[in-house]
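Chain by chain, the residues:
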Amino acid sequence: METQSATIDARADELVAEFGLFDGWMGRYEHLIDLGREIPQIADAHKDDAHRIEGCQSKVWVRAEPGEGGRLRFTGDSNAAITRGLAALLIRVLDDQPPADVAAADLGFLGEIGMEEHLSPTRKNGLHAMVEQIKGRARRAA
Amino acid sequence: MEAARPQREPALDADYDVEAVRAQFPALQQEVYDEQPLVYLDNAATTQKPQAVVDRLERYYTRENANVHRGVHVLSQQASSAYEAVRERVADFIGAPEPDRGPAHAQIVYTRGTTEAINLVAATWGRSELEAGDEVLLSRMEHHSNIVPWQRICEETGAELKVIPVTDRGELDVEALEALLSERTELVAVTHVSNTLGTINPVERITEKAHAAGAKVLVDGAQSVPHMEIDVAELGVDFFCFSGHKMYGPTGIGALYGRRKLLDAMPPYQGGGDMIDEVSFGGTTYAEVPHKFEAGTPSIADVIALGAAAAWLDDMGRERVHEHERALLRYATERAREIDDIRLIGTAREKASVLSFLLGDVHPYDAGTVLDRLGIAVRTGHHCTQPLMERLEIPGTVRASLACYNTREDIDRLAEGLEKVRTMFG
Ligand SMILES: Cc1ncc(COP(=O)(O)O)c(C=O)c1O
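Residues numbered from 1 in each chain as written. Chains lettered and ligands numbered in written order. Predicted model: local features only at pLDDT ≥ 70, side-chain atom pairs only at ≥ 80, totals over all residues. Heavy atoms only, no water.

Engineer: What's the story with the pattern of salt bridges in this structure? I'm lost.
Structural biologist: Side chains that carry opposite charge are capable of pairing whenever their charged atoms lie near each other. All chains considered together, the criterion is met by 37 salt bridges over all chains. With its nearest N and O atoms 3.0 Å apart, the salt bridge here joins R184 of chain B to E135 of chain B. You can see R184 of chain B sitting in the loop between α6 (174-180) and β7 (185-191) and its partner E135 of chain B sitting in strand β5 (residues 135-139), a full 49 residues away along the chain. For R184 of chain B, a relative accessible area of 40% corresponds to the partly exposed category. The closest approach of N and O atoms between R318 of chain B and D314 of chain B, which form a salt bridge, is 3.5 Å. Residue D314 of chain B is classed as partly exposed on the basis of its relative accessible area of 34%. Connected through salt bridges with shared partners, the residues D44, K47, D77 and R84 of chain A form a single ionic network. (Salt bridge = Lys/Arg side-chain N within 4 Å of Asp/Glu carboxyl O. Helix = DSSP H or I, 4+ residues; strand = E, 2+ residues; numbered from the N terminus. Buried < 20%, exposed > 50% of the residue type's maximum accessible area, 1.4 Å probe, protein only.)

Shown next as structure tokens:
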């Protein structure tokens, strides 16, 4: 039997606990920026229009590749630190998970970690487009 | 740090009671996020509204509401008079000259704002006057709303768009403009004040040169009307456009000033009620200017409240407001220069109310997001001036834009916020 990594919900809970260690928004933002520094880097060659997320003030790219057991592996990057952090959060929770789970994932944890202002669909941070693109890939792979 | 700062002069106008001005703006009294008093520095996008304007809207809807121009009843007549009286105030507000025929205010056309005013001129004057071989000159610093309508009408008519270059410090290159002018030039369309850089363009000089070449001049006044006295007669322009919401008035209303002769010769814009003289299936005749350009039920409440905003600004004294904002911009520029790694974008000799900048390698979006959390509202991005960003080889800027109610404390909060941004992303 293949070893199943922690579920999406378990990883989200882990992030909620991690962000819970900071009581101010600044600490949480600094943590977000730090997480962005550890993002699984998309290769420069893939920083192209095909992987570019539209609807964002900064440039952001996300790439999904099929991995072991049909699970999707994500890489990404952005030229804005906060956007890169948001991409890193999504990847940390959704990477290497069964596509059906990714497609159905509830990302309410973003609100719980104090990033609710980034959840508005009209905010030009690309978060919604990132989620849609990732879920779309997952649905096609499922 | 306080002590190390050089002596500043000149001081803000001591008679200008900015706290009393602020007190008139309900929206400025709020806190955002975790009890951060709001610092509103996104005035070039839209200004907050004084109580007088809010009250005027409320009074209209609670007591005066009626459709204009059609009713025999008392409310309709009162609404019509109030609505038309604002036209006179607006004409006066921007110094519309007396034409040979009719009153000055017949040259004021209500529109939804600057964007619609420019589109109106492009769709009527442009469509009827431009043809293959003609040229339209625009500057590189134009807002998209003074680019796209001209691109579209040029495509349609075969006229050609030419671009007046902008210098490194963000000034319009007047010599290059002169070189571009020829007998083919039909129109020069420029912004009075750049929304991205704050540059004040020398409209009088531009108009003189353009007229000498036989071209008409359209000026986008969206960013000048809120900040300085405007006299379209002195500027000599043929068309002038502005938006109410950037001058303390409501959204959805603005105006076009056009010379009577030009307006008379222009075909109507949209078709419908109010713009006609007589309608029959044999043929329709149109109303006189300005109604020929105002089809359908207009934004009556917003027109009336625009009048209130103009009255309010006149009571404030636009020259005083301008002085206050100038001193504040100087202060903001000095404070900004003390910040390490800051790069001011737009250092024209004549500037109004805009401080655009980049902070080291920090993406404007990151800076704007952190400032927002600190309760400081700025705008980030290309500010609808992508050709200008391309010229300056930057992806965008952080823009702080000032209004009559901004204070030194607002600027200090911005400067402190930028120090925080630097430590977070440095
Ligand atoms: C210079 C300039 N022109 C035109 C516009 C468009 O104005 P509006 O959106 O009110 O039509 C703006 C507003 O952003 C502006 O700053």
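There is more to say, and it comes next.
Engineer: Can you walk me through unusual backbone geometry in this structure?
Structural biologist: Trans peptide bonds make up the majority, and among non-glycine residues the majority have a negative phi. Each neighbour pair has its own omega, and for V289 of chain B with P290 of chain B the value is 0°, a cis peptide bond. One can find P290 of chain B in the loop between β12 (285-286) and α10 (300-316). With a phi angle near 60°, D96 of chain A is a residue other than glycine that sits in the positive phi range. Mapping D96 of chain A onto the fold places it in the loop between α3 (81-94) and α4 (99-104). Residue D96 of chain A is classed as buried on the basis of its relative accessible area of 17%. One non-glycine residue with positive phi stands out, namely H383 of chain B, at about 55°. Locating H383 of chain B in the fold gives a position in the loop between β16 (379-381) and α13 (386-392).

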